[in-house]
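What follows is each chain in one-letter form.
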Amino acid sequence: MTDERTLPPGLHRDTLALRTGLAPSQHGEHSEALFLTSGFVQPDAETSARRFAGTEQGFTYSRTSNPTVASFEQRLAALEGTEAAIGASTGMGAILMMCMGLLKAGDHVICSRSVFGSTLNLFGKEFAKFGVETTFVSQTDVAEWRAAMKPNTKLLFAETPTNPLTEVCDIQALADLAHGGGALLAVDNCFCTPALQRPVELGADLIIHSGTKYLDGQGRVMAGAICGPSKLIVDVFGPVVRTAGMALSPFNAWVVLKGMETLGIRMKAQCANALAVAQWLEQQPGIARVYYPGLVSHGQHELAMRQQSGQGGAVVSFDVVGDTPEAARANAFHVINSTRVVSIATNLGDTKTIITHPGTTSHGRLTEVQRQAAGISQGLIRLAVGLEYIDDITADLSRGLGTLNT
Ligand SMILES: *Cc1c(COP(=O)(O)O)cnc(C)c1O
């Protein structure tokens, strides 16, 4: 009783999120099956040989491919609008896979200075050891990217909006720049997800995901993926996963596959909550600045609205006042410690709202000078806004903001 019908063309992304993936098994299960198996029995030695040689499709071993992982890959590719996708154990595993597949000693990479901290380290420290040079440039100034281009530049890597200051880069401009110099543009689309932003439509070649964040959306498992053209996914990244082993576990793939079914509706609701919180914060005493792409006061508001389906995303950051870094930190800690509903943690992309002090967590190991260069003040608080009732979130922030020592 497998469903052999093919989907009609032109379906909306919200429909694709529910309807793409491998066909059901012979049992006709309605909820996607979880294939928790490391290996697959072959009908005969000849078929086995052809599958290992890659001349015939078929599952052999789950480090290479697995039906549940394949369903996850097909669904994510459909949402991003790419030919294919390949799963990885984590978001960082996906970036590692990309680097191993594309780069060799003597190559050059250009990367925004404001990307995820582990990504900075992967390019700046780990890959520097293997002779890959990375130039770090401004998130928002395309001229800096252009000036950094070299004949051996193979990859431009961007992430937009950034964490925690929500700075937006112009994907189309960076894609044009990359292609003009014979390089590829990869975009980490973790913050927006394909529900808001589809970098491939703006010219990006590869899309990176941490499935750990909004794709799962409920903070349950680690997962990652690269989306892109089949020739890179199948011929370049497939062999990397097969030999280096950063494969996605079928269980985690299944959790994220089911999480993606509600991606559109979650993002819409979380963006609405985030906009409401951001607008409310702008009116509160004790706040020096609010960072949110959905606010007219945001430096790249128009670009963000154009690039992100008119949505600001679900991460809002704000600076609380303080005459000195110590005073600002004390005020930020007071606001964080006064909450009784939101979670004090460093994750994001969860249905539960999370409050974070970047200056002593994600950016805690930087020197004060490096932190200030990155715009991370001691008064900065990041909120990854979830699905709680909006008035309960603002009331929770009021507890501390209303009693600040200013
Ligand atoms: C969390 C995150 C990653 C890394 O993902 P993991 O699944 O934790 O490895 C990469 N990029 C961005 C923007 C992230 O927020």
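The shown structure was predicted, so the numbers you read here are calculated from the model rather than taken from an experiment.

### Considerations on the pairing of strand S9 (residues 315-320)
Right, on to step 1. Here S9 lies mainly inside the structure; 6 of its 6 residues are buried.
Right, on to step 2. Residues Val 315, Ser 317 and Asp 319 of S9 are buried on one face, and the alternating residues Val 316, Phe 318 and Val 320, pointing to the opposite face, are buried as well.
Right, on to step 3. As paired strands, strand S8 (residues 287-291) and S9 are joined by 4 bridges and run antiparallel to one another. By the bridge assignment, Arg 289 is partnered in S9 with Asp 319.
Right, on to step 4. Bridge analysis of S9 against strand S12 (residues 380-384) gives 5 bridges, and the strand direction is antiparallel. Of the residues in S12, the one forming a bridge with Asp 319 is Leu 380.

### Concerning the site of the ligand
Right, on to step 1. Not every one of the 13 residues close to the ligand is listed here, only the nearest: Gly 91, Asp 188, Ser 210, Thr 212 and Lys 213.
Right, on to step 2. In this structure, Asp 188 approaches the ligand through a side-chain N or O atom, which is 2.6 Å from a nitrogen atom.
Right, on to step 3. Contact distances for the ligand include 2.8 Å between an oxygen atom and a side-chain N or O atom of Ser 210.
Right, on to step 4. Contact with the protein chains covers 93% of the free accessible surface of the ligand, which is 380 Å².
Right, on to step 5. Residues of the shell around the ligand, tallied by class, amount to 6 nonpolar, 4 polar and 3 charged.

### A closer look at the domain arrangement of the protein chain
Where interface size is given, it is often the accessible area lost as the parts come together that is meant.
Right, on to step 1. As far as domains go, the protein chain holds domain 1 (4-260) and domain 2 (263-401).
Right, on to step 2. The centre of domain 1, based on its C-alpha atoms, is set 28 Å off from the matching centre of domain 2.
Right, on to step 3. Each side of the interface is counted separately: domain 1 has 32 residues, and domain 2 has 33 residues.
Right, on to step 4. Summed over the three residues of domain 1 that lose the most area to domain 2, namely Leu 165, Leu 196 and Tyr 214, the buried surface amounts to 28% of that side.
Right, on to step 5. Of all elements in the fold, only helix H8 (193-196) and helix H10 (250-260) reach the threshold of two or more residues within the side of domain 1 that touches domain 2.
Right, on to step 6. The element best represented in the side of domain 1 that touches domain 2 is H8, accounting for 4 residues.
Right, on to step 7. When its residues are assigned to classes, the side of domain 1 that touches domain 2 shows 16 nonpolar, 10 polar and 6 charged.

Definitions and cut-offs
Residues numbered from 1 in each chain as written. Predicted model: local features only at pLDDT ≥ 70, side-chain atom pairs only at ≥ 80, totals over all residues. Heavy atoms only, no water. Buried < 20%, exposed > 50% of the residue type's maximum accessible area, 1.4 Å probe, protein only. Helix = DSSP H or I, 4+ residues; strand = E, 2+ residues; numbered from the N terminus. Pairing = 2+ DSSP bridges. Near = heavy atom within 4 Å. Polar contact = N/O pair within 3.5 Å; in protein donor to acceptor, adjacent residues only side chain to side chain. Areas by Shrake-Rupley, 256 points an atom, 1.4 Å probe, with all protein chains shown as cover. Nonpolar A, V, L, I, M, F, W, Y, C, P; charged D, E, K, R; others polar. Domains from an automatic or database assignment. Contact = heavy atoms within 4.5 Å. Buried area = accessible area lost by both parts, 1.4 Å probe.

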